[in-house]
Amino acid sequence: MDISVAIPVYNEEVNLEPLFERLCKTMDSMGRKWEVIFVNDGSKDLSWKILKSFREKRPDVVKLIDFNGNYGQHTALIAAFERCRGDIVVTLDADLQNPPEEIVKLIEKIDAGYDAVGGYRKEREDSISRKLASKIVNFARENMTNISMKDQGCMLRAYKSNIVRAIVNCGERSTFIPALAYTFASNPVDVEVEHCARQAGKSKYNLYKLIRLNFDLITGFTLIPLQMFTLFGFLTAMGSLLLFILLMARRFLLGSEADGVFTLFSILFFLISVAIIGIGIMGEYVGRIYQVVQARPRYVLKETEGFDEE
Ligand code: UDP
Ligand code: MG
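Since the structure is predicted, the reported quantities are computational estimates derived from the model, not experimental observations.

Trainee: Teacher, can you tell me more about helix H2 (residues 47-57) here?
Mentor: Along an α-helix, residues three or four positions apart point the same way, because every turn accommodates 3.6 residues. Those residues of H2 not exposed but buried are Ser47, Trp48, Ile50, Leu51, Phe54 and Arg55. The arc that holds the buried residues of H2, viewed along the axis, is 160°, so those residues lie on one side. Residues Lys49, Glu56 and Lys57 are exposed on H2 and point more than 90 degrees away from its buried face. Looking at the packing, one finds that the buried side of H2 touches strand E1 (3-9), helix H1 (13-30), strand E2 (34-40), strand E3 (62-67) and strand E8 (301-305).

Shown next as structure tokens:
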């Protein structure tokens, strides 16, 4: 097998038909042996039915995985990675925002010797708030981890199979695949790809899901948030020591005082909220440790199709 394409699907019934048609055209035109693995991530619409019809149409290339619930885009990709057999593995969203035709560009780069090819979107067609959210998280990742991808949100990417094997062998529960791939790659590159507005349906990521996903990225790849709190703790400790000395001196020189109560409150409230954020961030790490320790399966399958004949 030359190329495996992995596509997570969550309530994409309206996009699937055109996606499949364009994908088949692109892949067939390359004249290489290929397969596509669709992972149905607990869709509640007709997506699974449509996927099954693809399998009837092209049993030679279509393979299907059906989850019993919604586990998220990255877990869906892991399930596809575990079963794909291509020397090159391409990930693609099902919503047609990244045109399947661009796969050709990625494959060219892999053929040229790069082992991880990331797409980045020059003209990004998303809402302003969605773009702003991505700007913030890209900035945070850029400064807190040593991963320097151009566009972490772009899922149109291609990897050599050894990288995919390495990703599959990671036992972690909350994964961020492009970042993991970047850590395992020895020769990564970014190429510019087209980006269209979502043709139909709406983004599956609201602000909350996006924040959760980015905590996965940050906690998975850096301890800097924790270290920042240690640092901040030292700084405030030094500050309060100074204040203590100052107040003591004043107390003995000028006598007791009763004003400044509200200043005290504001300082206190500020420090308490910083402490609460700190506990929260610690919780993000601890929670992920807990999930790994529980060692539950990453996902539960309802059924798979097309994997038996091998
Ligand atoms: N997706 C998924 N499970 C989820 C959320 C999304 O499988 O819980 C899939 C979705 O069907 C799509 C891809 O992941 O193929 C990207 O989702 P979306 O286009 O909503 O994200 P955005 O483009 O806003 O980043
Ligand atoms: Mg999208």
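Trainee: I tried to follow the coordination of the magnesium ion (ligand 2) on my own but got confused; where do I start?
Mentor: A four-donor tetrahedral metal ideally has 109.5 degree angles, and a six-donor octahedral metal ideally has angles of 90 or 180 degrees. Only Asp95 (OD) and Gln97 (OE1) from the protein reach the magnesium ion (ligand 2) as donors, at distances of 1.9 Å. When its relative accessible area of 10% is taken as the criterion, Gln97 is described as buried.

Trainee: Please clarify how the pattern of salt bridges should be interpreted in this entry.
Mentor: Counted according to the given criterion, the structure contains 21 salt bridges. For Arg198, the salt bridge goes to Asp95, with nearest N and O atoms at 3.5 Å. Taken as a pair, Arg198 in the loop between strand E7 (188-193) and helix H8 (207-221) and Asp95 in the loop between strand E4 (88-91) and helix H4 (103-111) lie far apart in primary sequence, 103 residues in all. You'll find Arg198 and Asp95 in the same group, each marked buried. Counted as one network, the salt bridges with shared partners bring together Glu12, Asp95, Arg198 and Lys204.

Trainee: Teacher, can you tell me more about the site of ligand 1 here?
Mentor: Neighbouring ligand 1 are 18 residues, the closest being Glu12, Asp41, Asp95, Ser203 and Lys204. Measuring from an oxygen atom of ligand 1, one finds a backbone N or O atom of Tyr10 at 2.9 Å. Asp95 has a polar side-chain atom sitting 2.4 Å from an oxygen atom of ligand 1. In terms of residue class, the shell around ligand 1 is made up of 5 nonpolar, 5 polar and 8 charged.

Trainee: For this particular structure, what's the right way to read the sheet that holds strand E6 (residues 157-160)?
Mentor: Sheet strands pair via backbone hydrogen bonds, and the direction of the pair is either parallel or antiparallel. Reading across from one edge, E7-E5-E6-E4-E1-E2-E3-E8 is the order of the 8 strands in this open sheet, with mixed pairing throughout. The open sheet has two edge strands, E7 and E8, and neither has a second partner. The average angle at which neighbouring strand axes cross in this sheet is 20°, direction not considered. Examined bridge by bridge, E3 and E8 share 4 bridges and lie antiparallel to one another. Each bridged residue has a counterpart across the sheet, and for Leu64 the counterpart in E8 is Glu305.

Trainee: Can you walk me through the packing of helix H3 (residues 73-83) against helix H6 (residues 161-168) in this structure?
Mentor: Between two packed helices, both the angle of their axes relative to each other and the distance between the axes serve to describe the pair. Two numbers describe how H3 lies on H6: the axes approach to 9 Å, and their chain directions differ by 120°. In terms of axis orientation, H3 runs oblique to H6. Remark: the crossing between H3 and H6 carries left-handed chirality. Along its contact with H3, which presents Ile78, Phe81 and Glu82, the element H6 presents Val164, Arg165, Ile167 and Val168. For the contact of H3 with H6, the per-class residue count stands at 5 nonpolar, no polar and 2 charged.

Trainee: Looking at this structure, how should I read the packing of aromatic side chains?
Mentor: Both the distance between ring centres and the angle between the ring planes are used here to describe each pair of aromatic rings. Counted according to the given criterion, the structure contains 9 aromatic pairs. Each ring, one from Phe20 and one from Phe38, has its centre 6.2 Å from the other, and the planes form 55°; the classification is tilted. One end of the pair, Phe20, is in helix H1; the other, Phe38, is in strand E2, with 18 residues separating them in the sequence. No difference in accessibility class separates Phe20 from Phe38, as the two residues are buried. Ring centres 4.1 Å apart and planes at 10° place the aromatic pair Phe20 and Phe54 in the stacked group.

Trainee: In this structure, what is going on with the nonpolar core? I would like to understand it.
Mentor: If you look at soluble globular proteins, the nonpolar side chains tend to sit buried side by side. Ranked by size, the top nonpolar core spans 37 residues in total, and within it Phe81, Tyr159 and Ile167 carry the most contacts. Where this core is concerned, the elements lending two or more residues are E2, E3, H3, H6, helix H7 (177-184) and H8. When near neighbours in sequence (up to four residues on either side) are disregarded, Ile167 contacts Ile78, Phe81, Ile177, Leu180, Ala181 and Phe184. Core analysis: the second largest hydrophobic core is formed by 36 residues, Ile3, Leu16, Val36 and Ile50 among them.

Cut-offs and rules
- Residues numbered from 1 in each chain as written.
- Chains lettered and ligands numbered in written order.
- Predicted model: local features only at pLDDT ≥ 70, side-chain atom pairs only at ≥ 80, totals over all residues.
- Heavy atoms only, no water.
- Buried < 20%, exposed > 50% of the residue type's maximum accessible area, 1.4 Å probe, protein only.
- Helix = DSSP H or I, 4+ residues; strand = E, 2+ residues; numbered from the N terminus.
- Arc of directions from axis to C-beta.
- Contact = heavy atoms within 4.5 Å.
- Donors = N, O, S within 2.8 Å, 3.2 Å for Na, K, Ca; no water.
- Salt bridge = Lys/Arg side-chain N within 4 Å of Asp/Glu carboxyl O.
- Near = heavy atom within 4 Å.
- Polar contact = N/O pair within 3.5 Å; in protein donor to acceptor, adjacent residues only side chain to side chain.
- Nonpolar A, V, L, I, M, F, W, Y, C, P; charged D, E, K, R; others polar.
- Pairing = 2+ DSSP bridges.
- Axes fitted to C-alpha atoms, helices over the stretch in contact; angles between N-to-C directions.
- Parallel < 35°, antiparallel > 145°, perpendicular 65-115°, else oblique.
- Left-handed = near helix turned anticlockwise from the far one by under 90°.
- Phe/Tyr/Trp six-rings, centres within 6.5 Å; stacked < 30°, edge-to-face > 60°.
- Core = buried A, V, L, I, M, F, W, Y, C linked by side-chain atoms within 4.5 Å.

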